[in-house]
Amino acid sequence: MQKKSSIHNLFSLISYKEKKEINDFYIPEINEEDKHVQNNSKQSSIKSETTNLSVDADDNNISTIMQANIEYLFKKFNYPVNKDFVMREFLVAGKYKAFIAYIDGMVDRVTINNFILRPLLNFTNLPDMGNDSQLDFLLKNVLETNQAEKVTKPADIVYGILSGNTCLYVDGCSYYLSCETKGFEKRGVETPQTEGLVRGPQEAFNENLRTNVTLIRRLIKDTNLTTEFVKVGKRTNVQCAVVYINGIINPAIVQEVKRRLTGISADLVMGDGMLEQFIEDSSYTVVPTILSTERPDRTASHLLEGRIAIIVDGTPFALIAPVTLHSFMHTPEETFFKWPVGSLIRLIRIFAVFVAALLPALYIGMVGYHTEMIPTDLMIAIISAKENVPFPTVLEVLLMELSFELIREAGVRIPGLIGNTLGIIGALILGQAAVQANIVSPVLIIIVAVTGLGNFAIPNFSVAFAVRIIRFAFIFGAALLGFYGIGLVLVAVIALLSNMKSFGVPFLSITAPKTSTSGDLIFKKPVWKQEKRPDNINPLDVRRQPNISRKWAQEDAESEERKNIDDGRRDEDA
Amino acid sequence: MRKSRLLICLLLFSSLVLSGCNDLIEIDEMIYPLIIGVDIGVENKVRMTLQYPTYKGVTGGAIGGGGEGGGGGGEISKTGELEGTVITTIEASTLLEGVNLLNIAVSRRISLTHTKMLVFSEEFARKGVGEYLAPMMRYRETRRIMHVVVCRGKAEDFIKTNKSTIGASATKSMELMVTQSENSGLFSKETFIDFYHDILSPSQNAITAYAGVNDFNNLSQDEPPDNPPLNEYYNFVPGEVPRKGAAQREFLGTAVFKTDKMVGYLNAHETRYLMMITGKLKRALVSLEDVNKPGYAIVVDKRIGRKPVIKGYFEDGIPVINIKLNMEGDLGAIQSRINYDSMERIEELNRMIEERIKKGVERTIKKVQKEFKSDIFDFGYKFAGYFDTIQEWEEYDWHKHFPEAKINVEVEFNVRRTGVMYGSSPILDSDYEE
C-alpha cells in the first residue's frame, strides 16, 4: 500500500493536473470594466467612520479637554525621552488655552513664529461663539499659513506632526488644526545619475515627494493628472504618491495598485526598491516586473500611455507599472532623436542583451563541441594562443567572468575617483598579466570585455543584473551540452519570462501574446505616426492622436491640389 | 511530496551533469588535418598523407610565419615539417583506420572537421574511390564541403608542395586557390558531398578538379621565332604548363569520373564549356582569333547572361537534348583595331563569338560522349521526369543511353560593355598594315 502511494506520488509529479482556480488579477477590457470594478471595490471596502464626542483622548477620539490631548500626544511621542517633539502652550487672544506641537527639524521655524504664533498671540477680539466654531474662526481669519485643515482623527494629526506639520489645539474643541509648516533640508533637482541622456531634459527626481510630483505635473499640465497618497509601512509610515491620469488609465489598475499598497502589513518599507518587492507579481524571478526610473519625463510619458506611477517619499525614483520587457529596453533618448536613429539605438541595445547573455556560452560551445563552425585560421590562432594555458576553457571563462564581476563590484564600492581608475587599471593589468602568465587565452579577454560592454549597454540596471545572472546559466548549459544546452536554457528562460506578469499584463505581451503595437516597440515610427496607446494595458482612451496629427501637412496637400486645379482651369481658358 | 520532488529534480539534474561534458573535447587537444592525400599503398590498401598545423606560431594567425614554426622556411625538412605544418604519411587498409593509426605517433586526437581538401592520385582515382569514400561519408566529423581533387603523379608529392606563397596561412591559401575556379573557369571545383552524391546518382556523373605539380622545367629554352603563333586553345595538362614561379602545385582542367572511377580529363578550354553548360561559369577572359584578321586576337570577358535552358525529350526512343546558352561579355581588347564596337559591326562580332562557343560546346559534349561515356553535364535530370518511378528510371540506365543522345546547341552572345574606350583608331605607323 505504501509502495503504491509513492508510485502514485511519483506519477502525480509528472502527470497533468487540473489547474487550481486562482483569482488572478487581470486588466479588463473597457466594456467589461463596470463589473470588475465592482468586484475589486468589494475587496477594499473602506470602514465607515463614526464620530462621537468624548472626554478621554485615545486612538479613536479627540478629547475636548486640552490636558487629556496633551497627555495623549506626550504618550504617543514618548515625550520627555524623545527630545524631537516640541510642545508649546499659550493663550489665544489672551484668554483661550491652546498649544502647538511639532517635531523639531521637520518644520520651518520662521513660518511657525511669524505666521502661526504671532497672529494668534497678537489677536485680541475673538468673538465668543462656542468652542468648535472658535477654531473655525481662527482657521478662517487668523492663521496666516497657506495650508491649514481641520483634523478629526488622532491618527491623522499624529501623522501630520510626523511629516512636518504643526498641530494647533484650542481648549474645548473636538478637533485639531493641522498647519503646513514643512521645512526640512532637501537636495535640489539634479541631473540623472544612471539614466543620463545626450539630448533631452537633464533633471531627475530627488528625495522630496512634493518636488517629485511637481516635476511630473510641470510636464503634464492636465486637470486629469491625479495624485493620491497612500501610507505604507507600519512604523516607517512612508507616504506614497500614486500618480495617474484619469480618463486614460484603466481604473482597474488604480484599484489594484491601491489594494496592494494598502495590503502591505510590514514594519519597514524604505524606498522604492523595497516597495517594489512588496507589490510585484513574480518574486522568484531575476527580472524586475516594475520599472524604476529617476526621470520625470520618462514617468510622464508612461503616465500618458495609461500606466501608473508610484513615488515613495524619500527616494529619487518612480515605480511604473504595469510594464513589459520592451519598456526596460527603451530610454527617452530614442524619442528625442529622429526615428531611424532611435530604431538603430534600440537594435544595438537588443544586440547588447544577446551579447551580454550569450557570448561566453557561445564561445564555450564552439570551442568545446562545434569546432567546425570556427573559420580554420581563427581556430588555429585560438589554439596557438591557448597552447600554454593549462586550464579547460570553461574554467578560464569562469575565472575571467568572476574577476570581471569582482572589478565591477569593487569599482562601485571604492569611493569617488579611485573607483573609475580601479576599473580601467584592474581590467587592463589583470587581463594583460593573466595572458602573459598563461592563465587565460587572449581571445577570452576579448570575449569577456565585449560581454561586459554589452552588459553596460543595457539601459536598465535591474535588467542588466538579471542578464549577468542568466549568463552563468548559459555558460553552464554550454559547458554541459554545447549549443544544445544553450538552446535548452534559452527555452527555459523564455518560458519563464512569458509566464511572468506585471499587474495582470503578460511580461512579453505585444510580442507574445501578440497585440497591436503603438509603433514604438523596437522599430520606431515617426512620432506623428504613433497614433495609439499600447493595447496590452487596455487604456480607456486608445487613441493618442488622430490619424492626421500634422494638420499643416494636410493643408499643404489641399492647397497644392487647389493650385493644380486652378492651373488646369487657366490652361483651359488659354 | 516536497522531498520526492526535490529528489527527482536532483536526479534529472545529475543525469545532465554526469552525462554532459562527455563529448566535450578541448579545442587544443585535437589536431586538424588541412589536407588528406590518398595514394595506392604498397604493403596495404592505401597510403595516406596528412598535413596539419603545429600551432607553433606564437601569435596564432600566421602559422609559423616566416619559418618560425620550423621547416627552415619554405623547404620541407626531413621530419616532414613545412612552414608551420607537419606532413605525415602512413599506410592503412582504409582511410578512417589510417587516421586512427596515426595516433601511435601523433600526440593529439585527429579531427577531420577542418579538412579543406581531399587529394587522390590519378592512379588511385582510375582504380575506383567508392569503397574508400563510403565510410568517410558515414563519419560525422568529415567536413562535407572539403574539395575533392585528382592530381597527376603522387598525392604525397602534391601535398609536399602545398605551402602558402602569399601570406603565412596555408589554410587561406588553399581556400582561395579553389575559388580561383570562379575567376577563370580554367578548372572545376567540386565539394566532397556533391562528389559523393554524383558517384551514386543514376542521372549524372562526377567530376573533380584536376591538379598537378609543376617542376618549372617546361618553359622552352629555344630562341623565340620571329612571329610566334596565336594559340587560342590552352591545351596543357596540369604540371606541364610552361611557367616559373613560387607555387609548384597547379590546378587545370577537370577530372571526369564514370561511376567511382576516373576515365579521363577535360583540358582548361573544355572545362570552360562544361561550366557554361552547367551554368557555373562566372568569368572567363578568352582570346579569340579575329576571323577578319588572322593572327590578331580579340579579348573578351565572357560570363553567363542567363541560366542555360536545357530541355530533354525522346524522339523515336532516342534522347534529344536542346541547349540554349545565353552568354554575355565585355570587350577587353581588339588587337586588329577593327571597329567592332560600333553599332554596325557589333552584331558581326556577336555572331563570330557565338559561332566559336557553339563549336566548342558541341566538340566538348561529343568528346565526353565518345571518350568518357559519362554524363557530367547533369543532362540525366531532364529525362528522369519521363519515368514514373525511380526504379523505372534506374532500369532504363541513363548512363548507357547518354552516349547516343542527340545534342542541339543554340548560343546567343551579347557584348554588353566595350570597356572605357569607344572605337579604335589605327596606330599611325608606316610599317603597320592597314
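Residues numbered from 1 in each chain as written. Chains lettered and ligands numbered in written order. Predicted model: local features only at pLDDT ≥ 70, side-chain atom pairs only at ≥ 80, totals over all residues. Heavy atoms only, no water.

Focus: the pattern of salt bridges
Residue and element names in this part refer to chain A. Under the criterion given, the structure shown has 48 salt bridges over all chains. Between lysine 258 and glutamate 228 there is a salt bridge, with its nearest N and O atoms 2.7 Å apart. Separated by 30 residues along the polypeptide, lysine 258 in helix α8 (residues 251-262) and glutamate 228 in strand β6 (residues 225-232) bring together distant segments of the chain. With relative accessibility at 24%, the residue lysine 258 sits in the partly exposed group. Each of Glu334, Arg346, Arg349, Asp520 and Lys524 takes part in salt bridges that share partners, so that together they form one network. (Salt bridge = Lys/Arg side-chain N within 4 Å of Asp/Glu carboxyl O. Helix = DSSP H or I, 4+ residues; strand = E, 2+ residues; numbered from the N terminus. Buried < 20%, exposed > 50% of the residue type's maximum accessible area, 1.4 Å probe, protein only.)

Points about the domain arrangement of chain B
Residue and element names in this part refer to chain B. The assigned domain composition of chain B is domain 1 (28-220 + 232-266) and domain 2 (279-434). Computed over C-alpha atoms, the centres of domain 1 and domain 2 are 32 Å apart. Counting from both sides, the interface comprises 22 residues of domain 1 and, opposite them, 25 residues of domain 2. Carbon and sulfur atoms make up 49% of the surface buried where domain 1 meets domain 2, a total of about 1,900 Å² over both sides. For domain 1, the biggest contributors to the area lost against domain 2 are Pro202, Ser203 and Glu232; these three give 29% of the whole. (Domains from an automatic or database assignment. Contact = heavy atoms within 4.5 Å. Buried area = accessible area lost by both parts, 1.4 Å probe.)

Examining the interface of chain A and chain B
Taken together, the contacts link 27 residues of chain A with 35 residues of chain B. Linking chain A with chain B are three salt bridges, by the criterion used here. The partner of Glu387(A) in a salt bridge is Arg108(B), and the shortest N-O contact between them spans 2.7 Å. Where chain A meets chain B, there are eight residue pairs in polar contact (both at pLDDT 80 or more). For the side of chain A that touches chain B, the secondary structure elements donating two or more residues are α1 (2-14), α13 (339-368), α14 (376-386) and α18 (461-499) of chain A. Sort the elements by how many residues they give to the side of chain A that touches chain B and α14(A) lands first, with nine residues. Classifying every residue of the side of chain A that touches chain B by side-chain character gives 16 nonpolar, seven polar and four charged. (Polar contact = N/O pair within 3.5 Å; in protein donor to acceptor, adjacent residues only side chain to side chain. Nonpolar A, V, L, I, M, F, W, Y, C, P; charged D, E, K, R; others polar.)

Regarding the pairing of strand β10 (residues 249-258) of chain B
All names here are of chain B. Extensive coverage of β10 is indicated by the burial of nine of its ten residues. In this structure, strand β9 (residues 207-213) lies alongside β10, joined through six bridges in antiparallel fashion. Pairing of valine 213 across the sheet is with arginine 249, part of β10. Of the strand pairs in this sheet, β10 and strand β11 (residues 261-266) are connected by five bridges, and their pairing is antiparallel. In the strand pairing of β11, threonine 254 is matched with leucine 266. Joining the antiparallel neighbours β10 and β11 is a turn of two residues, in which threonine 259 adopts a positive phi near 45 degrees. (Pairing = 2+ DSSP bridges.)

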